[in-house]
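Understanding the architecture of this molecule
Each chain is listed here by its residues.
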Amino acid sequence: MDLRTKALTKSIWVFHVSAGSCNNCDIEILDCFTPRFDIERFGIQLIGSVRHADAILITGAMNRKSVKRMKKIYEQAPKPCVVVAVGQCALSRHMFRFSYNVDEPLDKILPVDLYIPGCPPKPEAMISGIVKLVNKMRKRK
Ligand code: SF4
């Protein structure tokens, strides 16, 4: 494991973006940071700027307006940066699949490293997914 990956997996700083969600997924992400679920015990912190992010959590179906903005946000993140699709809308466009302004799923726009399904996914599912991803990255050489 190189130094950058080692540092990345020690304490992940997470930037959260709603790309067109109904906000339920966003509320569940915030739940992960409450004392009940306490995701910070794994060194994971929510931050306010993508320029310091190790991971981007994306919720919602990408509409034509959010695609451009998401690409810009991803470009601004330092690399390597992990992209996590949270919720069914981010995974597959869900109920917005046939909407006039939702053209492509997230993984056709950005390289997605982790998919967390559910509508909305439970905080336990998000924590478990992120911890599995971190362990997988640690095993990579
Ligand atoms: S997956 Fe469900 S909860 Fe999440 S943004 Fe879509 S409709 Fe809302």
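This write-up is about the structure you can find in this document.

Procedures and definitions
- Note that residues are indexed from 1 along each chain, following the sequence as it is written.
- Where local features are concerned, this predicted model is filtered to residues with pLDDT of at least 70; where side-chain atom pairs are given and counted, the filter is 80 or more; whole-chain, interface and lining totals use all residues.
- Excluding hydrogens and water, the side-chain values take into account all heavy atoms of the structure.
- Within this scheme, the nonpolar core is defined by two criteria: the residues are buried Ala, Val, Leu, Ile, Met, Phe, Trp, Tyr or Cys, and they are joined through side-chain atoms within 4.5 Å.
- Three exposure classes are used, based on accessible area relative to the maximum for each residue type with a 1.4 Å probe and protein chains only: buried under 20%, partly exposed in between, and exposed over 50%.
- Comment: elements are numbered from the N terminus, with helices defined as DSSP H or I runs of at least four residues and strands as E runs of at least two.
- In what follows, a contact means two residues having at least one pair of non-hydrogen atoms within 4.5 Å.
- Arc, as used here, means the arc of the directions from the helix axis to the C-beta atoms.
- Nitrogen and oxygen atoms within 3.5 Å of one another constitute a polar contact, given that in protein one can donate a hydrogen and the other can accept it, and given that sequence-neighbouring residues count only through two side-chain atoms.
- In this analysis, rings of Phe, Tyr and Trp, with Trp reduced to its six-membered ring, are considered paired at centre separations within 6.5 Å, and the interplanar angle assigns stacked below 30 degrees, edge-to-face beyond 60, and tilted for intermediate values.
- For a ring to carry a charge above it, either NZ of a lysine or CZ of an arginine must fall within 6 Å of the ring centroid while also lying within 35 degrees of the normal to the ring plane.
- DSSP bridges decide pairing: two strands pair if at least two such bridges lie between them.
- Think of it like this: strands point away, you trace from the first strand over the helix to the second, and a clockwise trace means the crossover is right-handed.

Let's talk about the nonpolar core
In a soluble, globular protein the nonpolar side chains are often hidden away together inside. Counting residues in hydrophobic clusters, the biggest one holds 23 residues, and the most contacted among them are Ile56, Ile58, Met62, Met70 and Leu106. Taken together, the elements giving at least two residues each to this core come down to strand 1 (13-18), strand 3 (55-59), helix 3 (64-76), strand 4 (82-86) and helix 4 (88-92). Examining the composition of this core, we find that 4 residues originate from one element, helix 3, more than from any other. Leaving out residues up to four positions away in the same chain, Ile56 has contacts with Phe15, Val17, Val50, Ile73, Tyr74, Ala77, Cys81, Val82, Val83 and Val84. Counting 22 residues, the second largest nonpolar core, distinct from the first, contains Phe37, Ile127, Leu133 and Met137.

Describing helix 3
Listed in full, the buried residues belonging to helix 3 are Ser66, Val67, Met70, Ile73 and Tyr74. Considered in projection along helix 3, the buried side chains sweep an arc of 130° and stay on one side of the axis. For helix 3, exposure combined with an orientation more than 90 degrees from the buried face picks out Arg64, Lys65, Lys68, Arg69, Lys72 and Glu75. Looking at the buried residues of helix 3, the elements they touch are strand 1, strand 3 and strand 4. Among the residues of helix 3, the N-terminal cap falls to Asn63, whose side-chain oxygen and the backbone nitrogen of Lys65 are separated by 3.1 Å.

Quick word on the packing of aromatic side chains
For the structure on display, the rule yields 0 aromatic pairs. Above the ring of Tyr74, the side-chain terminus of Lys79 is found at 4.5 Å from the ring centroid.

Brief notes about the pairing of strand 1
With 2 bridges connecting them, strand 1 and strand 2 (residues 45-46) associate as parallel partners. Bridging from a neighbouring strand, Trp13 pairs with Gln45 of strand 2. Once the chain exits strand 1 it traverses helix 2 (residues 24-32) before rejoining the sheet at strand 2, and the crossover so formed is right-handed. Pairing of strand 1 with strand 3 involves 5 bridges; the strand directions are parallel. By the bridge assignment for strand 3, Phe15 is matched with Ile56.

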